[in-house]
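Here are the chains, one letter per residue:
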Amino acid sequence: MLLLRLTPTSGSIGNSHDRDWMRVSARSLPSCRYGCGRIANMTTTDPAVPGRSRVFSGIQPTSDSFHLGNYLGALRSWVDMQHTHDAVYCIVDLHAITISHDPKELHQRCRAAAAQLFAIGLDPEECTLFVQSQVPEHPMLSWMLECHTGFGEAGRMTQFKDKSSKNERVTVGLFTYPVLQAADVLLYQANEVPVGEDQRQHIELMRNLAQRFNATYGDTFTVPNAHIVKATGTVQDLAEPERKMSKSASSTAGIIDLLDQPNRIRKKIKSAVTDAGREIVYDVDNKPGVSNLLTIYSTLAGESVADLESRYEGKGYGDFKKDLAEVVADFCAPIAERTNEYLDDVTELDKMLAQGAQKAHAIAAETLANAYSRVGFRQPVYG
Ligand code: AMP
Ligand code: TRP
């Protein structure tokens, strides 16, 4: 698995080409305002399942419930990949404070996120799930990578531009967020990163950082690939089908939360925006609302869109929505029930997370030690 070459590098580090990324052009400066598998019992000599490619992914604990977009676009593949890959997943609470937060709420949301992830099927015997703040190597590597990231390079991240234009309070942390994300992945020598399309640019940045570090100091990091889940694409908001389902939407009417009560789900689906006409056909351009509902139906029920189209031929939107509401409610109810069971025993839940953090730490510490010696640092002394 991890092959460590601890020989210190000698000679010059970085040529003029390597240093191009450091140039900052005045135009590239962002305008900032601040107030202005299974890795069970893993050691590095005991690979989880030999030959399995490693995946790493993370999700922010910034809401009380994940929504159907998170599930269909990302989390469903987390569950699938734990059986085929050496899977490491992280609840990224360090990322969550890049925008303002409430400490108690954040603490609670980390548990709620973990409970939901176990409830949808993550199995601690099949994967490693942990909370980012319990593995201190993340910010430690992030600092090292920040010192190898060009200011202009970070300023080109579209998510930063987007988020900083929406927030009054724009912090340095929001700016360096993608570098912390790079550290998350590189610490685990991950080969693949399952994420939605919106994360593609961040994966490109982490690839560049890994290659740059390797070229400067010698092979240290695996260069990861994005694993973009195309099957579902993006789940759209039910009330505004031209926008993606997102926790930052102004209203919750078009968002199905995994923890929504069945009646709330039925109500939201009943009032979902459909399109002109009566036909239930998949046509994203002319019928974005119905197409979105068909995608959700098809993925959750495991039936093809074509089969659904013929089943509902000649029937109206009412019948279709009524059946879909039951499919979604039946899907979410057991998840909510299992989530509550996990939350009823937070001692056990915290223990599961601590065990996950220990497994994660074993891998992260080894990578960090190697990176530290390569840049000329002393080894960290823990406790
Ligand atoms: P976020 O809720 O933006 O923190 O996203 C967490 C994960 O869910 C990321 O991998 C996103 O790409 C994915 N995701 C978020 N919203 C959607 C959506 N509406 N459709 C598909 N995937 C989504
Ligand atoms: N930035 C990701 C998002 O907003 C969350 C994330 C943080 C992540 N670290 C990661 C995703 C590492 C994949 C790998 O969805």
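About the cut-offs
- Residues numbered from 1 in each chain as written.
- Chains lettered and ligands numbered in written order.
- Predicted model: local features only at pLDDT ≥ 70, side-chain atom pairs only at ≥ 80, totals over all residues.
- Heavy atoms only, no water.
- Axes fitted to C-alpha atoms, helices over the stretch in contact; angles between N-to-C directions.
- Helix = DSSP H or I, 4+ residues; strand = E, 2+ residues; numbered from the N terminus.
- Parallel < 35°, antiparallel > 145°, perpendicular 65-115°, else oblique.
- Left-handed = near helix turned anticlockwise from the far one by under 90°.
- Contact = heavy atoms within 4.5 Å.
- Nonpolar A, V, L, I, M, F, W, Y, C, P; charged D, E, K, R; others polar.
- Near = heavy atom within 4 Å.
- Polar contact = N/O pair within 3.5 Å; in protein donor to acceptor, adjacent residues only side chain to side chain.
- Areas by Shrake-Rupley, 256 points an atom, 1.4 Å probe, with all protein chains shown as cover.
- Buried < 20%, exposed > 50% of the residue type's maximum accessible area, 1.4 Å probe, protein only.
- Disulfide = S-S within 2.5 Å.
- Expected span 1.5 Å × (residues − 1).
- Bend = angle between axes of the 7 residues up to and from the residue.
- Core = buried A, V, L, I, M, F, W, Y, C linked by side-chain atoms within 4.5 Å.
- Patch = residues over 30% accessible without salt bridge, like charges linked within 9 Å, V, L, I, M, F, W, Y side chains within 5 Å.
- Salt bridge = Lys/Arg side-chain N within 4 Å of Asp/Glu carboxyl O.
- Lys, Arg positive; Asp, Glu negative; His and termini not counted.
- Charge placed at Lys NZ, Arg CZ, Asp CG, Glu CD.
- Phe/Tyr/Trp six-rings, centres within 6.5 Å; stacked < 30°, edge-to-face > 60°.
- Pairing = 2+ DSSP bridges.
- Right-handed = clockwise from strand over helix to strand, strands pointing away.

Draft legend 1. Region of the structure containing the packing of helix H4 (residues 137-146) against helix H7 (residues 172-186). At a closest axis distance of 8 Å, the pairing of H4 and H7 adopts a crossing angle of 120°. Relative to H7, H4 is oriented oblique. Here H4 runs over H7; the crossing is right-handed. The residues of H7 that touch H4, namely those facing His-138, Pro-139, Leu-141, Ser-142, Leu-145 and Glu-146, are Thr-176, Val-179, Leu-180, Ala-182, Ala-183, Asp-184 and Leu-186. Residue composition of the contact of H4 with H7, by class: eight nonpolar, three polar and two charged.

Draft legend 2. Quick peek at unusual backbone geometry. With a phi close to 55°, Gln-189 is a non-glycine residue in the positive phi region. Inspection of the secondary structure puts Gln-189 in the loop between H7 and strand S4 (192-195).

Draft legend 3. How the structure looks around the site of ligand 2. The environment of ligand 2 is formed by 13 residues, the closest being Gly-58, Tyr-177, Gln-181, Asp-184 and Gln-199. In the model, a nitrogen atom of ligand 2 is placed 2.8 Å from a nitrogen or oxygen of the Tyr-177 side chain. Contacts to ligand 2 include Gln-181, whose side-chain N or O atom sits 2.9 Å from a nitrogen atom. Relative to its free-state accessible area of 370 Å², ligand 2 is covered by the protein chains to the extent of 89%. The dominant element in the shell around ligand 2, judged by the number of residues it contributes, is H7, at four residues. Among the residues making up the shell around ligand 2, the classes are represented as six nonpolar, six polar and one charged.

Draft legend 4. Structural view of the environment of Ile-256. Structurally, Ile-256 is set in the loop between strand S5 (225-228) and helix H9 (262-270). For Ile-256, a relative accessible area of 1% corresponds to the buried category. Distance in space between the C-alpha atoms of Ile-256 and Leu-238 is 8.3 Å, their sequence separation being 18 residues. Among all residues touching Ile-256, those that are not within four sequence positions of it are His-67, Leu-68, Leu-238, Met-245, Ile-265, Lys-268, Ile-269, Val-328 and Cys-332.

Draft legend 5. Quick look at the state of the cysteines. Scanning the entire structure with this criterion turns up zero disulfides. With no disulfide of its own, Cys-90 has Cys-110 as its nearest cysteine by sulfur position, at a separation of 9.2 Å.

Draft legend 6. Region of interest: helix H13 (residues 346-375). The terminal C-alpha atoms of H13 lie 41 Å apart, and with 30 residues this matches the ideal 44 Å at 1.5 Å per residue to within 8%. Most pronounced at His-361, the bend in H13 amounts to some 25°. Just downstream of H13 lies Gly-376, where phi reads positive at about 100°.

Draft legend 7. Here's a closer look at the nonpolar core. Core analysis: the largest hydrophobic core is formed by 56 residues, its most contacted members being Leu-68, Tyr-89, Leu-117, Leu-122, Ile-256, Ile-296 and Val-328. Here Leu-122 is in contact with Trp-78, Val-79, Gln-82, Tyr-89, Leu-117, Cys-127 and Leu-129, once residues within four sequence places are set aside.

Draft legend 8. Quick look at the site of ligand 1. Looking at ligand 1, there are 15 residues lining it, with Asn-70, Gly-196, Asp-198, Val-235 and Met-245 nearest. At a separation of 2.9 Å, an oxygen atom of ligand 1 approaches a polar side-chain atom of Asn-70. One nitrogen or oxygen atom from the side chain of Asp-198 is found 2.9 Å from an oxygen atom belonging to ligand 1. In isolation ligand 1 offers 480 Å² of accessible surface; the protein chains occlude 87% of this area. A class-by-class count of the residues in the shell around ligand 1 yields five nonpolar, seven polar and three charged.

Draft legend 9. Examining the environment of Gly-316 more closely. Among the secondary structure elements, Gly-316 is positioned in the loop between helix H11 (305-311) and helix H12 (317-344). Taking the relative accessible area as the measure of exposure, Gly-316 reaches 11% and is therefore buried. Non-local contacts of Gly-316, meaning those with residues more than four positions away in its chain, are made with Arg-278 and Ile-280.

Draft legend 10. Quick look at a negative patch on the surface. Side chains of Glu-337, Glu-341, Asp-344 and Asp-345 sit close together on the surface and give a patch of like negative charge. Structurally, Asp-344 is set in helix H12.

Draft legend 11. Spatial organisation of the packing of aromatic side chains. Counted according to the given criterion, the structure contains 14 aromatic pairs. Ring geometry for Tyr-372 versus Phe-377: centroids 4.8 Å apart, planes at 80°, classification edge-to-face. These aromatic residues form a ring-pair network of at least three members: Phe-56, Phe-130 and Tyr-188.

Draft legend 12. Here's a closer look at the pattern of salt bridges. Inspection of the entire model under this criterion finds 13 salt bridges. The residue Arg-264 makes a salt bridge to Asp-260 at a minimum N-O spacing of 3.3 Å. A salt bridge links Arg-266 to Glu-326, with the nearest nitrogen and oxygen atoms 2.8 Å apart. Within this pair, whereas Arg-266 is found in helix H9, its partner Glu-326 is found in helix H12, the two being separated by 60 residues in sequence. Residue class for Glu-326 comes out partly exposed when judged on its relative accessible area of 32%.

Draft legend 13. Fine view of the pairing of S5. As judged from the four bridges shared by S4 and S5, these two strands associate in the parallel manner. Bridged to Val-195 within S5 is Ile-228. For the crossover from S4 across helix H8 (residues 200-217) to S5, the handedness is right-handed.

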